[in-house]
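Working through the structure, step by step
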Amino acid sequence: MALLEVKDIKKKFDNTEVLKGIDLSLEKGEVLSIIGSSGSGKTTLLRCLNFLELADHGTITVDNKLIYDGDDPSFRDDKLIRKNRLNFGLVFQQFNLFPQYSVRDNLTLAAMLTASAEEKKDKKKLKDKLNDQADELLKRIGLYEKKDNYPCELSGGQQQRVAIARALMLTPDILCFDEPTSALDPELTKEVLKVIKDLKNSNNTMIVVTHEMDFAKNVSDKIIFMSGGRIEEYGTPSEIFDNPKSPVLRSFLNNALES
Ligand SMILES: Nc1ncnc2c1ncn2[C@@H]1O[C@H](COP(=O)(O)OP(=O)(O)OP(=O)(O)O)[C@@H](O)[C@H]1O
Ligand SMILES: [Mg+2]
């Protein structure tokens, strides 16, 4: 059984259907890249998986457990949504770090808030434990020496790596990235993509919306090409890049590889 099963996700804004029935499944440790032109619904799909938007229809199942059914209002309960959201981590294009907190506090803050009532009883013990976890992750991404710095004192690539570490603090089952490198220049892009590659090597399950065709080709197990709110084509990197079937995908790839 797949770690993530998504079935027939539909989402409308006003009267426009932006997602028209998305199905996908992902095994533990797999990387799925989502490519597609602007406005095709990639961000909306990630937002529906992270419950920043609630899909109008469709189901999301993680590790055999149904965590969302768009047709069942009981899944819209705020408390349940907050709990189920923890299955997913999301890293945005624009890092979104808290500017007023140090790098290390950026990592521990959300984990402090989501700790159990039992753990919150001893604040000092909890903080020490989370600081240790944060330091461990900062070492992994090569930024331990920046732990007391503020986000504005870091390069864009460093900020994005901190944002990735922050998402990992909550140990999500599936880590989602929305164009994590599109605000970065090529040198910084490389260091962020390396962190994502390392995460794959340590068996993290990830969904990456990306414009980096080389990354999609080399790191993904599966690729989805979205067009007009649907999955136009779905396959392995070699099926998508070496043998694209749909004319829309062919034309997208021609444009992407030219630029
Ligand atoms: N909150 C919203 N309200 C109304 N329309 C929205 C909203 N969010 C997205 N849309 C519309 O949904 C469509 C898909 O948007 P989405 O951001 O998912 O595209 P995308 O594939 O991520 O594009 P890009 O590559 O530019 O990031 C667009 O037409 C957009 O205008
Ligand atoms: Mg987008």
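Structure: above.
Reading the values: the criteria
Residues numbered from 1 in each chain as written. Chains lettered and ligands numbered in written order. Predicted model: local features only at pLDDT ≥ 70, side-chain atom pairs only at ≥ 80, totals over all residues. Heavy atoms only, no water. Helix = DSSP H or I, 4+ residues; strand = E, 2+ residues; numbered from the N terminus. Contact = heavy atoms within 4.5 Å. Areas by Shrake-Rupley, 256 points an atom, 1.4 Å probe, with all protein chains shown as cover. Lys, Arg positive; Asp, Glu negative; His and termini not counted. Charge placed at Lys NZ, Arg CZ, Asp CG, Glu CD. Near = heavy atom within 4 Å. Polar contact = N/O pair within 3.5 Å; in protein donor to acceptor, adjacent residues only side chain to side chain. Nonpolar A, V, L, I, M, F, W, Y, C, P; charged D, E, K, R; others polar. Buried < 20%, exposed > 50% of the residue type's maximum accessible area, 1.4 Å probe, protein only. Pairing = 2+ DSSP bridges. Axes fitted to C-alpha atoms, helices over the stretch in contact; angles between N-to-C directions. Parallel < 35°, antiparallel > 145°, perpendicular 65-115°, else oblique. Left-handed = near helix turned anticlockwise from the far one by under 90°. Core = buried A, V, L, I, M, F, W, Y, C linked by side-chain atoms within 4.5 Å. Phe/Tyr/Trp six-rings, centres within 6.5 Å; stacked < 30°, edge-to-face > 60°. Lys NZ or Arg CZ within 6 Å of the ring centre and 35° of its normal.

Bringing the overall build of the protein into the picture now. For the protein, the helix and strand inventory stands at ten helices and ten strands. With respect to the three principal axes, the spread of C-alpha positions in the protein is 60 × 45 × 35 Å. In the protein, once contacts between residues fewer than 6 apart in sequence are set aside, the share between residues at least 24 apart is 63%. For the protein, the accessible surface area stands at approximately 12,700 Å², while carbon and sulfur atoms represent 48% of it. If you average the places of the 37 positive and of the 41 negative side-chain charges in the protein, the two averages end up 4 Å apart.

Before going further, it helps to examine the site of ligand 1. In the vicinity of ligand 1, the contacting residues are Phe 13, Val 18, Ser 37, Ser 38, Gly 39, Ser 40, Gly 41, Lys 42, Thr 43, Thr 44 and Glu 179. Contact between ligand 1 and Thr 44: an oxygen atom at 2.5 Å from a side-chain N or O atom of the residue. For ligand 1, whose unbound accessible area comes to 640 Å², protein coverage reaches 57%. The element that contributes the greatest number of residues to the shell around ligand 1 is helix α1 (residues 42-49), accounting for three residues. Within the shell around ligand 1, the residues separate by chemical class into two nonpolar, seven polar and two charged.

A few words now on the environment of Asp 77. Inspection of the secondary structure assignment puts Asp 77 in the loop between β5 (65-69) and α2 (78-85). Judged by its relative accessible area of 41%, Asp 77 is partly exposed. The sequence separation of Asp 77 and Val 192 amounts to 115 residues, and the corresponding C-alpha distance is 35 Å.

Bringing the sheet that holds strand β10 (residues 230-235) into the picture now. Sheet architecture is open: six strands sit in the order β6-β7-β8-β3-β9-β10, paired in mixed fashion. Every other strand in the sheet has two partners, leaving β6 (88-91) and β10 as the edge strands with one partner each. Here the strands of the sheet are splayed against their neighbours by 20° on average, with no regard to which way each runs. Relative to strand β8 (residues 205-209), strand β7 (residues 174-178) runs parallel, the two being bridged by five bridges. Its bridge partner lying in β8, Ile 174 is registered against Thr 205.

Attention now moves to α1. Among the eight residues in α1, six count as buried, and that is most of the element. Turning to α1, its buried residues are Lys 42, Thr 44, Leu 45, Leu 46, Cys 48 and Leu 49. Of the residues trailing α1, Phe 51 is marked for its positive phi of about 60°.

All right, on to the packing of helix α5 (residues 123-140) against helix α6 (residues 156-169) then. Between α5 and α6, the least distance of the axes is 10 Å, while the angle of their chain directions is 135°. Overall, the two elements α5 and α6 adopt an arrangement that is oblique. Relative to α6, α5 is oriented so that their crossing is right-handed. Between α5 and α6, the residues in contact are Leu 130, Gln 133, Ala 134 and Leu 137 and Ala 165, Leu 168 and Met 169, respectively.

As a further point, take the nonpolar core. Counting residues in each nonpolar core, the largest one holds 36 residues, and the members touching the most others are Leu 107, Ile 164, Phe 177, Ile 196, Leu 199 and Met 206. Mapped by element, the contributors of at least two residues to this core are α3 (103-114), α5, α6, β7, α7 (186-201), β8 and α8 (213-219). Discounting chain neighbours no more than four positions away, the residues touching Ile 196 are Ile 164, Phe 177, Pro 180, Met 206 and Phe 215. In terms of nonpolar packing, the next biggest core, distinct from the first, is built from 30 residues, Leu 46, Val 62, Leu 90 and Cys 176 among them.

This part takes up the packing of aromatic side chains. Evaluation of the coordinates by the stated rule reveals four aromatic pairs. The interplanar angle of 85° and the centroid separation of 6.1 Å between the aromatic rings of Phe 98 and Tyr 101 together place this pair among those described as edge-to-face. Aromatic side chains Phe 225 and Phe 252 sit 5.1 Å apart centroid to centroid with 45° between the ring planes, which places their arrangement in the tilted category. Residue Phe 225 is found in strand β9 (residues 222-227), and its partner Phe 252 is found in helix α10 (residues 247-258); the two are separated by 27 residues along the sequence. Taken together, the ring pairs connect Phe 51, Tyr 68 and Phe 75 into an aromatic cluster. The ring of Tyr 144 carries the charged tip of Lys 139 above its face, separated from the ring centre by 4.9 Å. Of note, Lys 147 hangs over the ring of Tyr 144, and the distance from its end group to the ring centre comes to 4.9 Å.

So yeah, pure geometry; function would need other evidence.
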